[in-house]
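Architecture at a glance
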Amino acid sequence: MAIHKSLFASLLICLLFQISHGATKERLFSDLEKGALEVTAKPSREGVLDAGIDKLSITWKLSSTATKEAEFTTIKVKLCYAPVSQVDRPWRKTENELFKDKSCPHKIITRAYDKSPQSFEYTLERDIPTGTYFVRAYAVDAKDHEVAFGQSTNEAKSTNLFSVQAISGRHKSLDIASVCFSVFSVLALLVFFVNEKRKAKIEQSK
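Along each chain, numbering runs from 1 in the same order as the chain's sequence is written. This being a predicted model, a pLDDT of at least 70 is required before a residue's local features are given, and a value of 80 or more before pairs of side-chain atoms are given or counted; all residues contribute to the totals for chains, interfaces and linings. Just so you know, side-chain values use all the structure's heavy atoms and leave hydrogens and water out.

An unreviewed UniProt entry lists the protein chain under the name High-affinity nitrate transporter, with Brassica campestris as the source organism. UniProt positions are given in the numbering used here, feature names are shortened, and annotations may be inferred rather than shown by experiment. Quoted verbatim from the Function (unreviewed entry) field of the UniProt record, the comment on the protein chain reads "Involved in nitrate transport."

Now the structure itself:
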């Protein structure tokens, strides 16, 4: 009897969870209005960018073709993986169901919607993995549901991409500290031997 009650309680909890999150889970990327926002992402320099150091100058504004502006309350800007950085990486997979999508895990900024052009200077986070990226901005309604988007690349996600190099396992400051410690150890050992040799001579002279 106790087992039946436990199973019933578990099923009830799962059902309530499904009901409370159902609306979010049903949101499909293909249902969003594409191109509703014009987004640009300009790297601070040419070539491969360094995580934790280099920056992106990001801008977004309402597109002249947008039809759902009345629903916009918030803009969520994210850093997304380009297709080339998703190959053989299921943890970065693009899914049509937004709650399953793993292509844009890196949050850049969330800002209240403003019809005037917006900009933000973003320093690449230190934990950004090595990869090729673009920027996407989602327009969100009062229920925190995505209703439209715009991105800094084309629909095929093949233009205006930029590459990022992750921070290596060893940091420069650690390397410097290691060298300093090694030098100090050698000097300490040298001083020890000099003192021991001096003590030995003093003992012999006695």
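Digging into the layout of surface pockets
Site definitions follow a grid-based scheme: protein atoms alone, a 1 Å grid, a 1.4 Å probe that fits but cannot get out for cavities, and for pockets an open set with protein on both sides within 12 Å along at least five of seven lines, plus lining residues having an atom within 4 Å of a point. Grid points are joined across faces, edges and corners, and a volume is the space filled by probe spheres set on the points. There is about 440 Å³ of room inside the largest pocket. Taken together, 18 residues form the lining of the largest pocket, with Lys76, Lys78, Leu98, Phe99 and Glu146 sitting closest to its centre. Only runs of H or I of at least four residues qualify as helices and only runs of E of at least two qualify as strands under DSSP, and these elements are numbered from the N terminus. Where the lining of the largest pocket is concerned, the elements lending two or more residues are β5 (74-81) and β6 (106-112). Among the elements that line the lining of the largest pocket, the one with the most residues is β6, at four residues. Residues that form the lining of the largest pocket fall into these classes: seven nonpolar, three polar and eight charged. Roughly 330 Å³ of internal volume is contained in the second largest pocket. Lining the second largest pocket are 21 residues, with Phe29, Lys34, Phe149, Gln151 and Glu155 positioned closest to its centre. Elements supplying a minimum of two residues to the lining of the second largest pocket: β2 (37-43) and β9 (146-151). Each residue gets one label: Ala, Val, Leu, Ile, Met, Phe, Trp, Tyr, Cys and Pro are nonpolar, Asp, Glu, Lys and Arg are charged, and the others, such as Gly, are polar.

Some remarks on the sheet that holds strand β4 (residues 55-62)
In this scheme, strands are said to pair when DSSP sees at least two bridges between them. In space, the three strands of this open sheet follow the order β2-β4-β7, with antiparallel pairing throughout. Each end of this open sheet is capped by a strand with a single partner; those strands are β2 and β7 (118-123). Adjacent strand axes in the sheet meet at a mean angle of 20° when their direction is disregarded. Bridging between β4 and β7 involves six bridges; their strand directions are antiparallel. When the sheet's bridge partners are listed, Ile58 is paired in β7 with Phe120. Only the contacting stretch of a helix is used when fitting its axis, a line to C-alpha atoms as for every element, and angles between N-to-C directions run 0 to 180 degrees.

Some details on the state of the cysteines
Pairs of cysteine sulfur atoms within 2.5 Å are identified as disulfides in what follows. Within the structure shown, the criterion is met by one disulfide. The residue that forms a disulfide with Cys80 is Cys104, at a sulfur-sulfur distance of 2.1 Å. An S-S torsion of about 110° defines the bridge between Cys80 and Cys104 as right-handed. Within this pair, whereas Cys80 is found in strand β5, its partner Cys104 is found in the loop between β5 and β6, the two being separated by 24 residues in sequence. Burial classification: accessible surface area is computed with a 1.4 Å probe over protein chains only, and a residue below 20% of its type maximum counts as buried, one above 50% as exposed, and the rest as partly exposed. Judged by relative accessible area, Cys80 falls into the buried class, the value being 0%. Here Cys104 falls in the buried class, since its relative accessible area comes to 9%.

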